[in-house]
Amino acid sequence: MSTETPSGKTEPDSAQPDWETVQASPEFQALRSRLRRFVFPVAAAFLTWYLAYVLLASYAPAFMAIPVVGAINIGLILGLLQFVSTFAITTWYVRWADKRFDPHAKAIREEIEGGTL
């Protein structure tokens, strides 16, 4: 990799981080663990919820067709709740990342840029 100097010439980067060392660092491992502890269970829960909706639509059409109010039935409500849950999970993740993930990622990035990691 190279960088361009003010004169327009390119010079090779002399201070490339050792990415294997960064990845093996305890700080990075903790950050990755923190992300996985949030993402994997939430993704599994959402996929289970989605699969349940698909299975109900396929194998329990009579249940999904039960009217709730006028032409609105259980299937329609559960389908709309899929969108609601997607937006809720996204909002939850953004708030969680802002509070618990991004500060640690920023600290690691600063250590890498400062050459201490």
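Computed from a prediction, not measured in an experiment: that's the story for all the values here. (Residues numbered from 1 in each chain as written. Predicted model: local features only at pLDDT ≥ 70, side-chain atom pairs only at ≥ 80, totals over all residues. Heavy atoms only, no water.)

### Let's talk about the packing of helix α2 (residues 26-59) against helix α4 (residues 74-114)
Part 1 of the reasoning: The N-to-C vectors of α2 and α4 enclose an angle of 175°; their axes lie 10 Å apart at closest approach. Relative to α4, α2 is oriented roughly antiparallel.
Part 2 of the reasoning: Residues belonging to the contact of α2 with α4 are distributed by class as follows: 20 nonpolar, six polar and four charged. (Axes fitted to C-alpha atoms, helices over the stretch in contact; angles between N-to-C directions. Helix = DSSP H or I, 4+ residues; strand = E, 2+ residues; numbered from the N terminus. Parallel < 35°, antiparallel > 145°, perpendicular 65-115°, else oblique. Nonpolar A, V, L, I, M, F, W, Y, C, P; charged D, E, K, R; others polar.)

### Description of the confidence of the model for the chain
The predicted coordinates of low-pLDDT regions are not to be read in fine detail.
Part 1 of the reasoning: Put simply, the chain has an average pLDDT of 89, and 87% of its residues get 70 or more.
Part 2 of the reasoning: Looking over the chain, one finds the lowest element-wise mean pLDDT in strand β2 (residues 10-12), namely 53, and the highest in helix α3 (residues 61-64), namely 97. (pLDDT = per-residue confidence, 0-100.)

### What about the environment of Gln-29?
Part 1 of the reasoning: Turning to its location among the elements, Gln-29 is positioned in helix α2.
Part 2 of the reasoning: When its relative accessible area of 32% is taken as the criterion, Gln-29 is described as partly exposed. (Buried < 20%, exposed > 50% of the residue type's maximum accessible area, 1.4 Å probe, protein only.)

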